[in-house]
Amino acid sequence: MTERPPADETRPYGATPAPWPPPPPTVVEHAPYPPFPPTPTTTPTRSTADLVASIVLLVLGLLLGLVASAVAFLLQVVQIGCEAGGACAEGVQDGVAIALAGPWLVFLPLGAVAILLMARQRTSWWVSLLAVLGASAVWLYGAWLALDSATW
């Protein structure tokens, strides 16, 4: 059984006391939640050929990048004919640096975009191809710069 609280001495004279026990809370009817948005009837589909081509191009790009990095180290040999600190040596070093790091600076971001497109089931072979071709072009430029700067 509940006991009555002590009398409220702060209420003004003649005011009616609050009812005891307090009335139960009133239930407010809420409007129903809005329906879920309709699911799209057509989900983006990716062909198996696109997936295979993208993966093959990315693996090929990684292998070519490793070989290109190894060959870029061998490009240092063309610096043998240069005198120390000359323009020839600086040109060869710049070309080797571009041939060594440049392809990775092109391939890795574009490869990440291709993987993101594959995860979202979008066509991604063209990004993979662009990554391989762009990395190859940067490496060729670096190798050309190193070989062109060398004095034979």
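Bear in mind the structure is a predicted one, so any value in this text is a computation, not a measurement.

**A look at the overall build of the protein chain**
So, step 1. Summing up its helical and strand segments, the protein chain has 3 helices and 0 strands in all.
So, step 2. Ordered by position from the N terminus, the helices and strands of the protein chain form the series α-α-α.
So, step 3. Taking all 152 residues of the protein chain together, 28% fall into the buried category.
So, step 4. Taking the contacts inside the protein chain whose residues are at least 6 apart along the sequence as the reference set, 75% of them involve residues at least 24 apart.
So, step 5. Accessible surface computed for the protein chain: about 11400 Å², of which carbon and sulfur atoms make up 71%.

**Let's talk about the UniProt feature "transmembrane region" (unreviewed entry) in the protein chain**
So, step 1. Residues annotated by UniProt as "transmembrane region" (unreviewed entry) correspond here to residues 51–75, 95–118 and 125–147.
So, step 2. In residues 125–147, helix accounts for 100% and strand for 0%; the two terminal C-alpha atoms are 33 Å from one another.

**Quick look at the nonpolar core**
So, step 1. Grouped together as the largest cluster of nonpolar side chains are 14 residues, with contacts concentrated most on Leu75, Cys82, Val92, Val96, Ala99, Trp139 and Ala146.
So, step 2. In this view, Val96 contacts Ala72, Leu75, Gln76, Gly142 and Ala146; residues no more than four positions away in its chain are not counted.
So, step 3. Ranked by size, the runner-up nonpolar core spans 9 residues in total, among them Met118, Val127, Val132 and Ala135.

**Comments concerning the packing of aromatic side chains**
So, step 1. By the definition in use, this model includes 2 aromatic pairs.
So, step 2. Geometrically, the ring pair formed by Trp104 and Phe107 is edge-to-face, given 6.4 Å between the ring centres and 80 degrees between the ring planes. Residue Trp104 and its partner Phe107 are located together in helix H2 (residues 87–119), separated by 3 residues, close to a single helical turn. As far as the burial class goes, Trp104 and Phe107 line up, both buried.

**Focus: the side chain of Ser128**
So, step 1. Relative to the helices and strands, Ser128 is located in helix H3 (residues 125–149).
So, step 2. Contacts of Ser128, omitting those with residues within four sequence positions, involve Ser54, Leu57, Leu58 and Ala114.

**Describing a nonpolar patch on the surface**
So, step 1. Nonpolar side chains collect at one region of the surface, where Trp125, Trp126, Leu129, Leu130 and Leu133 lie side by side and expose about 500 Å² of accessible area between them.
So, step 2. If you trace the backbone, Trp125 turns up in helix H3.

**Section: the confidence of the model for the protein chain**
So, step 1. Chain-level statistics for the protein chain give a pLDDT mean of 84 and a share of 85% at 70 or above.
So, step 2. Looking at the elements of the protein chain, mean pLDDT is at its lowest for H2, recorded as 91, and at its highest for H3, recorded as 94.

Reading the values: rules and limits
Residues numbered from 1 in each chain as written. Predicted model: local features only at pLDDT ≥ 70, side-chain atom pairs only at ≥ 80, totals over all residues. Heavy atoms only, no water. Helix = DSSP H or I, 4+ residues; strand = E, 2+ residues; numbered from the N terminus. Buried < 20%, exposed > 50% of the residue type's maximum accessible area, 1.4 Å probe, protein only. Contact = heavy atoms within 4.5 Å. Areas by Shrake-Rupley, 256 points an atom, 1.4 Å probe, with all protein chains shown as cover. UniProt positions renumbered as here; feature names shortened; annotations may be inferred. Core = buried A, V, L, I, M, F, W, Y, C linked by side-chain atoms within 4.5 Å. Phe/Tyr/Trp six-rings, centres within 6.5 Å; stacked < 30°, edge-to-face > 60°. Patch = residues over 30% accessible without salt bridge, like charges linked within 9 Å, V, L, I, M, F, W, Y side chains within 5 Å. Salt bridge = Lys/Arg side-chain N within 4 Å of Asp/Glu carboxyl O. pLDDT = per-residue confidence, 0-100.

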